[in-house]
Every structure is written in C-alpha cells, then in structure tokens.
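Architecture at a glance
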Amino acid sequence: MGMNWMKVRRLLKILHRDIGYLGVGLTVIFAVSGIAVNHIEDWNPNYVIEKKKVIIEDIPAQDEQKITDFVLEKLQINEKVQGWHKTSKENLRIFLDGQTIDVNLNSGAVNLETVTARPFLREFNFLHLNEPKKAWTWFSDLYAVSLLFLAISGMFLLKGSKGMIWRGTWMVSVGVLLPVLFLIYFS
Amino acid sequence: MKLVQLIVVLFFAYSTGYTTETKNFGQELTLKETTPISEILKAPKDFMEKTVLVKGRVLDVCQKRGCWMKIASDSEFESILIKVDDGVIVFPMEAKGKMALVEGTMEEVEFTMEQTIERQKHECEKEGKEFDAAKVSKPDVMYRLRASGAEIEM
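Residues numbered from 1 in each chain as written. Chains lettered and ligands numbered in written order. Predicted model: local features only at pLDDT ≥ 70, side-chain atom pairs only at ≥ 80, totals over all residues. Heavy atoms only, no water.

It is worth spelling out the overall build of chain B at this point. Broken down by element type, chain B carries 3 helices and 6 strands. If you list the helices and strands of chain B from N to C, you get α-β-α-β-β-β-β-α-β. Counting over 154 residues, chain B shows a buried share of 44%. In chain B, the share of contacts with a sequence separation of at least 24, taken over all contacts with a separation of at least 6, comes to 70%. Just so you have it, chain B exposes about 8600 Å², and 52% of that area is on carbon and sulfur atoms. (Helix = DSSP H or I, 4+ residues; strand = E, 2+ residues; numbered from the N terminus. Buried < 20%, exposed > 50% of the residue type's maximum accessible area, 1.4 Å probe, protein only. Contact = heavy atoms within 4.5 Å. Areas by Shrake-Rupley, 256 points an atom, 1.4 Å probe, with all protein chains shown as cover.)

Dropping the structure here:
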C-alpha cells in the first residue's frame, strides 16, 4: 500500500510539473487579461482611444467627396478614405483606417478619434474572453481542466506535516473560506 | 519565453480567423437577400420579430465590450443599432468604417424620459452640437436589430 502511494505521488509530481510547464503561457495570458478586464469600468483594456478637437473654417458647401478632401487637406492627413456617412444634416462622419472624423458642417468643429489596439493586451483579451469561439473553446476548456488537476494534485505532492496532514489542510481551508466570506459579505 | 508566447498567441489568433479579411461573428448567416435599412426604419413595426439581413457601413462600435454597433442606412442621417448579448458576440473597434452584413431579429426598446435626455445629450456631445434638454418632448422609442450573426469586411 505504502509503495503504491509512493508511485502515485511520483506520477503526480511528474504530471504536476509538466502540466504546470505547459500552462505557463496560458496562465500569463489569462492572468494579465483577467486583471485588465477586471477594471473595465476604469479604462479600456483593449484600445487606446485618443480624441482631438479642432476647428476648420469655411468648409465648402459641396458634396461629401469634396468636403472630405478639403477636411483631410486641412488636417494634413494623407490616408485612404474608407467611406463616409452623413449622420445628421450637419454632421459628416469620415472613416480612415483606425480613425474617425466627425465634421460639423455648420460650426466647422471637427472631432478626431484615433483608436489603437493595445499591443498584447488586445490579443490576450481576445483569447481570454473567448472571442474566437470554435476550437479555442475546447482548448480553453482543456486548460481549465488542467488547472483543476494542478490544484488537486498539488495537495498531494508533499507528505508529512507540510502536506495535507497539517499545513496543507489549513491553507486549503483558508483558500476556500476566503471566497465564502466575500459571498457572505456581498449577499 | 516571450517569443514563444507571441508565437503561440499569433498561431491561435490566425487559426481562429483573427487575421482573415472577412470576419464572421456569431452564427452563420442564413439569409441571402438584404433588406434596405431605410425600408425597415420607415415601418419598423412591420418587421418586429422578423429575421432580416441588413448591409451597411459600421458607424460606431461599443468601445469597451463590443456589445453593439451602429450600421449606416442606405439613406442619409439614418442608422440602425445592432445589439448582441455581452460576450456572445464581440464586435471589435477595428470594424468602424467597414462594411458589414448583419442578420438578426428586429425588436423595440422604450426609454424613460431621463434615459432619452441622457442619450440625446451624449449624441450631441459626440457630434460637437449644443444640447438643449428643454427640446426633448417625449421619450425615445428605439428599434434595433438583435443580431445572431455578422460578416464584416476587415
């Protein structure tokens, strides 16, 4: 019996170690993204959105193409226009790659909005929030199962008083109790 | 290690269609014929609970959660709101200005007076217009499309 338990523990150690290694990349992605989206009320975890306001005088009362050319020339923007739409009688919205320009045709007030994806975070959040769906759903399920395995196997790696006989039991209990206390507090 | 992570992320992003030109969101489109948005907005009650396919340029996208976007109508000054459940479909901000095909069911949303003022104020701020709350006389009723799927030319 004792010998069998030793073999099981040795196998658990090997599996715990290797699954742990395999999970490093995903754990970093999920943890970093988790912190980022946890604070979504305070910031945009995916994009940096810069807004600028300028006034352009004497916007010609012409068709949208000519107004667009005029505005871009005034703003010294030399980029391909994706399209435009008159959102109201006095507002023309012009689209460039990653940039939106709202032009008030009456007042000449121009609002520029530039959207830039946050490097790495955008990709991390894309994966963490399961935007891809499809095969990624199954792969992330597998990762979740492997985390379960790491948590459970981790309890049985050490024997003696530092294992589940004493220290382990106490610390696992504290870990379980903490979310329960939060639940009681917030209920 | 960072290089390995980058390769892993890029591989999965690529394999899941993150970099393709036309990106699909949600369920596959089932309708072939589009209904002009102007036609829907002219008589929205006629389209309630009906499944329609609309096409138009993406005017705006929910900045934080990607849970809605606005599609330009084929008529000036008009647009339709496309709503999805949080997390089920996530529209990226990169979709702004791109052409989109969206399939979904029309629904009606009634706002309170307070919500109406807040919405109109926000719209005016966005377009740099002055807002006068006294001019708001009745609560807004919005007709929007509850999307089941979309294709966006990225």
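Across its full length, chain A carries 5 helices and 5 strands. In summary, chain A has a C-alpha radius of gyration of 28 Å against a globular reference of 16 Å for 187 residues, an excess of more than 25%. For chain A, the proportion of its 187 residues judged to be buried stands at 36%. A fraction of 52% describes how many contacts in chain A between residues 6 or more apart in sequence connect residues 24 or more apart. Carbon and sulfur atoms form 65% of the exposed surface of chain A, whose accessible area is close to 12100 Å². (Rg over C-alpha atoms; globule rule 2.2 N^0.38 Å.)

All names here are of chain B. Formed by 27 residues in total, the largest nonpolar core has its most connected members in Val-54, Met-69, Ile-71, Ile-82, Phe-91, Val-102 and Met-106. Residue assignment for this core shows that the elements contributing at least two residues are helix 2 (37-42), strand 2 (51-61), strand 3 (68-72), strand 4 (79-83), strand 5 (99-110) and strand 6 (141-153). Counting residues per element, this core draws most heavily on strand 6, at 5 residues. (Core = buried A, V, L, I, M, F, W, Y, C linked by side-chain atoms within 4.5 Å.)

Turning to unusual backbone geometry, a few remarks are in order. Glycine aside, negative phi is the norm for most residues, and most peptide bonds take the trans geometry. Despite not being glycine, Phe120(A) has its phi angle at roughly 70°, a positive value. A positive phi angle, near 65°, is found at Phe77(B), a position not held by glycine. When you line up the elements, Phe77(B) lands in the loop between strand 3 and strand 4.

With that settled, consider the pattern of salt bridges. Counted under the stated rule, the structure contains 15 salt bridges over all chains. Taking the shortest distance from any N to any O, the salt bridge between Lys98(B) and Asp97(A) comes out at 3.8 Å. With Lys98(B) in the loop between strand 4 and strand 5 and Asp97(A) in the loop between strand 3 (91-96) and strand 4 (99-104), the pair connects residues from two separate chains. Given a relative accessible area of 55%, Asp97(A) falls into the exposed group. Lys45(B) is paired through a salt bridge with Glu108(B); the nearest N and O atoms lie 2.9 Å apart. Note that Lys45(B) is positioned in the loop between helix 2 and strand 2 and Glu108(B) in strand 5, a separation of 63 residues in sequence. On the basis of relative accessible area, Lys45(B) is assigned to the exposed category, the value being 54%. A single network of salt bridges, built from pairs that share partners, joins Lys51(A), Glu113(A), Asp60(B) and Lys96(B). (Salt bridge = Lys/Arg side-chain N within 4 Å of Asp/Glu carboxyl O.)

On to the confidence of the model for chain B. Predicted confidence across chain B gives a mean pLDDT of 89, with 86% of residues reaching 70 or more. Confidence metrics for the complex model read pTM 0.83 and ipTM 0.84. (pLDDT = per-residue confidence, 0-100.)

Let's shift gears to the side chain of Ser73(B). All names here are of chain B. Residue position: Ser-73 is located in the loop between strand 3 and strand 4. Here the side chain of Ser-73 touches Ser-38 through a polar contact of 3.5 Å, landing on its backbone nitrogen. A polar contact of 2.9 Å, which involves the side chain of Ser-73, links it to the side chain of Glu-78. (Polar contact = N/O pair within 3.5 Å; in protein donor to acceptor, adjacent residues only side chain to side chain.)

Attention now moves to helix 2 (residues 64-74) of chain A. All names here are of chain A. For helix 2, the full list of buried residues reads Ile-67, Thr-68, Val-71 and Leu-72. One side of helix 2 carries all its buried residues, which in axial view fall inside an arc of 125°. Opposite the buried face of helix 2, at more than 90 degrees from it, the exposed residues are Glu-73 and Lys-74. Lining the buried residues of helix 2 we find strand 2 (81-86), strand 3 and strand 4. The first or second residue beyond helix 2 is Gln-76, which carries a positive phi of 55°. (Arc of directions from axis to C-beta.)

Across the boundary between the two partners, chain A contributes 46 residues, which contact 35 residues of chain B. A combined buried area of about 3400 Å² lies between chain A and chain B, and 56% of that area is made up of carbon and sulfur atoms. Inspection of the region where chain A meets chain B yields 3 salt bridges. Inspection of the chain A/chain B interface yields 14 residue pairs in polar contact (both at pLDDT 80 or more). Of all the elements in the fold, those that place two or more residues in the side of chain A that touches chain B are helix 1 (2-38), strand 1 (47-55), strand 2, strand 3, strand 4, strand 5 (109-117), helix 3 (121-128) and helix 4 (134-154) of chain A. A breakdown of the residues in the side of chain A that touches chain B according to their chemical character gives 18 nonpolar, 12 polar and 16 charged. (Buried area = accessible area lost by both parts, 1.4 Å probe. Nonpolar A, V, L, I, M, F, W, Y, C, P; charged D, E, K, R; others polar.)

Our next topic: the side chain of Arg93(A). Mapping Arg93(A) onto the fold places it in strand 3. Its relative accessible area of 4% is what places Arg93(A) among the buried residues. Only 3.2 Å separates the side chain of Arg93(A) from the backbone oxygen of Leu59(B), close enough to count as a polar contact.

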